[in-house]
Every structure is written in structure tokens, then in C-alpha cells.
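Examining the three-dimensional arrangement
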Amino acid sequence: MSGCDDDLNTFPSAEKDVIFVVNGGSHSLSVIDAERLEVASTLQLDAVTYPHHVNLSPDGTSLVVAVPGMDLSEGHGGGHAGHTMPGKVLLLDAKTGETRAVRQFDAMPHNGAFSSDGTEVWTALMAEPGAVVVLDSRTLEPKQTVTVGALPAEVTFSQDGRYAFVANGDSNSVTVIDAVTKAVVKTVPVGANPVGAWPGNDGLMYVDNEDGKSLTAINSGTLEVARIYALGFTPAMAATAPNGDLWVTDTDNGKLIFFAAGTTTRQGELATGAGAHGITFSSDGATAFVTNQTAGTLSVVDVASRTIRKTLTVGTKPNGLVFREH
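What comes next is a walk through the structure. (Residues numbered from 1 in each chain as written. Predicted model: local features only at pLDDT ≥ 70, side-chain atom pairs only at ≥ 80, totals over all residues. Heavy atoms only, no water.)

1. Section: empty space enclosed by the protein
Going by this rule: Buriedness for pockets is judged along seven lines, at least five of which must meet protein on both sides within 12 Å for an open set on the 1 Å grid over protein atoms alone, while cavities are sets there where a 1.4 Å probe fits but cannot get out, and lining residues have an atom within 4 Å of a point. Grid points are joined across faces, edges and corners, and a volume is the space filled by probe spheres set on the points. Each residue is assigned to one class: nonpolar for Ala, Val, Leu, Ile, Met, Phe, Trp, Tyr, Cys and Pro, charged for Asp, Glu, Lys and Arg, and polar for all the others, Gly among them.
With the rule as written, the count across this model stands at two cavities of 30 Å³ or more. If you trace the largest cavity, you find eleven residues lining it, with Gly24, His52, Asp71, Leu72 and Gln293 closest to the centre. Of the residues belonging to the lining of the largest cavity, the class tally is four nonpolar, five polar and two charged.

Structure (C-alpha cells):
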């Protein structure tokens, strides 16, 4: 990985809270100083095309960046023919930005996710049939492969780390895998073209169905469908605020949509920017951050008042993001 841009500060101190933002079009990571709410540095990713998502290790020392090698800002549908597109995942030092390891694949990975104990990185390969590859988190050496549905996108974990959830875009289902045994426990039918199952703080996994324009909420304990949200817009990501309310990005209209905790009752909305996409919260829950892919910006949202505190210009087509507490 090359160094920071000359007109920006050096990589932030490990003693600071930061937000890492993946810029797909710029092939870079923006590093945001969470206290000053400014772009502290921009790290250009070498030999990388369209990085997509970023995940932080439980101990906060490592980042995994998925590189599908294709622009997915217009959607994750099967028309991408991902099985013909090679991709890679990168393992980075979260405090220096240095590349520790790179793993190439014949099919494109949408994200990488650390296991709850930090010893593994899981990634799904967009192929038919699809596969989840379990990697050693220090070396990215493959340890095991699990067959899942067709053209899987994101792989995520329940908050307790017991299960991995894999969204199968062309099978309209979610494969649930035991994180320890690597056995497939259940396949749950969901809406059309699911992209990710996002863990809430309420024990539910919220599956964004792009073509179905809906969310399917799956209980992460019983693995039963708890609720279905008929949205009427294309969801990009879902997350629960500290009070349990559900936040969903409406990528069609550049907004955050709010639902009351435990219900499908819509509370309101907040315009953030064109192509609203990823959501993450600060460690104290007071601030949220939303990437706006088309606008090339990051919205800083006050959680209590649901107002925009600041809008930062980052790279082109920002997508995944993660908060790192110092």
C-alpha cells in the first residue's frame, strides 16, 4: 500500500477514534478523525479495482478489505456474472495501513468478516453454486470451504458469533452456518436478490432484498423469520440505533429511513446524499456515519436529534465503512 496523499495529514495516531471508509471508484480508504470530524488521511490501495467493504478485527488491530474488482454501486444482481470475475481480499494493519496479506480468488468476494474470536476471516465467492471460504486471519491461508446458494454476496455474523449468515443473491435465500463446526444449519427463504444480513442489537438479522425492495428480519436464535418490511425502495443497509430503532438506507432517494423498535412502523426520514449506502455508529452510540455513493460524501448524523452534523467529501463511490475505537 502506498502512503498518504501529500496534502493530508499522516495516518492518525492509534490513540484516536477513526472511521475507515472504502472508496470503490477511487480505489482507496479515507481515514476520518472521529473527534475533529475531518479526513485525516487517504490511503491509496495498490493494484486494486473497486474495493467494496471493510471489516475490523475484534481486537481493533486489523482490517480486511474485499475487492470484487467490479463496480457494484448500481446493484448486486446476478447480471454481474461474478463467477467470471476474479477478486481478492486484503489484510491491513489498522494502525499503520500497511498490507499484511493478499488472497486472490477466481470469483469475486463482496466482503470479508472476522470471526468473533478474531482467528478467522470469512468471505463469500459470487459463483454458481456459491461458496464461503474460511481463511486464517493472520495469513489469509484458506482453511475450509462451505457450499452455499447461488451468487452469494455478504457473509456476516450474529452478535453472539454463533452463526454466519450468507445472502444468496440468485437463490433468494440466506444460508446459516455454524461458526465452529462450519456445518450448514438452515437455509431461510427471503426476498428477491438479498445482499446482506445485518446484525441488529435486538437479536435479529436484517436482510436487505434489493430487487424485492424489502427487508426480512431473521431471529438469530431460532432462525425463524420474525418480520418482513415492505419498503417500496431499494435498501442498501440496515442497522439498529442504540435505542433499538431500525435505520435503513434508501439508496434510490439518498435518505435514511427510520422504523420504531420492534415494529414495521415508519417514523420518519433524513436526506443524507445521493446513493445513501453504508451505516455505522460511534462506540458511544451518539453519532452515526452514512456513506453516499453517488455524492462521494460521508454524512455525520446526530443520533438523538436525527440531524446532519456535518458532510465530509471522501473518495469516489464510498461504500463500506467501520468505526475503530482507540
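2. Brief notes about the packing of aromatic side chains
Stated formally: Only Phe, Tyr and Trp rings are paired, with Trp represented by its six-membered ring, and only when their centres lie within 6.5 Å; those with planes under 30 degrees apart are stacked, over 60 edge-to-face, the remainder tilted. Think of it in three bands: with a 1.4 Å probe and only protein chains considered, a residue is buried below 20% of the maximum accessible area for its type, exposed above 50%, and partly exposed in between. A run of DSSP states H or I qualifies as a helix once it reaches four residues; a run of E qualifies as a strand once it reaches two. Both are numbered from the N-terminal end. Geometrically, a charge over a ring is one whose NZ (Lys) or CZ (Arg) sits within 6 Å of the ring centre while staying within 35 degrees of the ring normal.
A full pass over the atoms with the stated rule returns seven aromatic pairs. Centre to centre, the rings of Tyr163 and Phe165 are 6.4 Å apart; their planes meet at 90 degrees, and the pair counts as edge-to-face. Considered together, Tyr163 and Phe165 belong to a single accessibility category, that of buried residues. Between Tyr229 and Phe259, the aromatic rings sit 5.3 Å apart at their centres with planes inclined by 75 degrees, giving edge-to-face as the arrangement. Of this pair, Tyr229 sits in strand E19 (residues 225-230) while Phe259 is found in strand E22 (residues 255-259), placing the two residues 30 residues apart along the sequence. For Phe259, a relative accessible area of 5% puts it in the buried group. Site record: aromatic cluster; members linked through ring pairs are Tyr206, Tyr229 and Phe259. If you follow Arg306 out to its NZ or CZ, it ends over the ring of Phe258, 4.2 Å from the centre.

3. A few points about the sheet that holds strand E17 (residues 204-209)
Inclusion rule: Strand pairing is assigned whenever DSSP detects at least two bridges linking the two strands. Orientation is described by lines fitted to C-alpha atoms, with helices fitted over the stretch in contact, and by angles between N-to-C directions that extend from 0 to 180 degrees.
The strand order E16-E17-E18-E19 describes an open sheet built from four strands, whose pairing is antiparallel. Of all strands in the sheet, those with a lone pairing partner are strand E16 (194-199) and E19, marking the two edges. Each strand of the sheet is rotated relative to its neighbour by a mean of 20 degrees, with strand direction disregarded.

4. Details of the pairing of E22
Counting buried residues along E22, four of its five residues qualify, which places the element largely inside the surrounding structure. As judged from the five bridges shared by strand E21 (residues 246-250) and E22, these two strands associate in the antiparallel manner. The residue bridging Asp250 from the neighbouring strand is Lys255, located in E22. Linking two consecutive strands that pair antiparallel, namely E21 and E22, is a turn of four residues; a positive phi of about 65 degrees is found at Gly254 within it. Note that E22 and strand E23 (residues 266-271) share five bridges and pair antiparallel. For Phe258, the partnering residue across the bridge sits in E23 and is Gly268. The antiparallel hairpin formed by E22 and E23 contains six residues in its connecting segment, where Gly262 sits at a positive phi of about 75 degrees.

5. Some words on the nonpolar core
Selection criterion: Put simply, a nonpolar core is a bunch of buried Ala, Val, Leu, Ile, Met, Phe, Trp, Tyr and Cys residues held in one set by side-chain atoms that sit within 4.5 Å of each other. What makes two residues a contact is simply this: any of their non-hydrogen atoms within 4.5 Å.
Membership of the largest hydrophobic core comes to 17 residues, with the highest contact counts inside it found for Leu63, Val65, Leu90 and Leu92. Apart from the residues lying within four places of it in its own chain, the contact partners of Leu63 are Phe20, Leu29, Val54, Asn55, Leu56, Leu90, Leu91, Leu92, Ala94, Phe114 and Val322.

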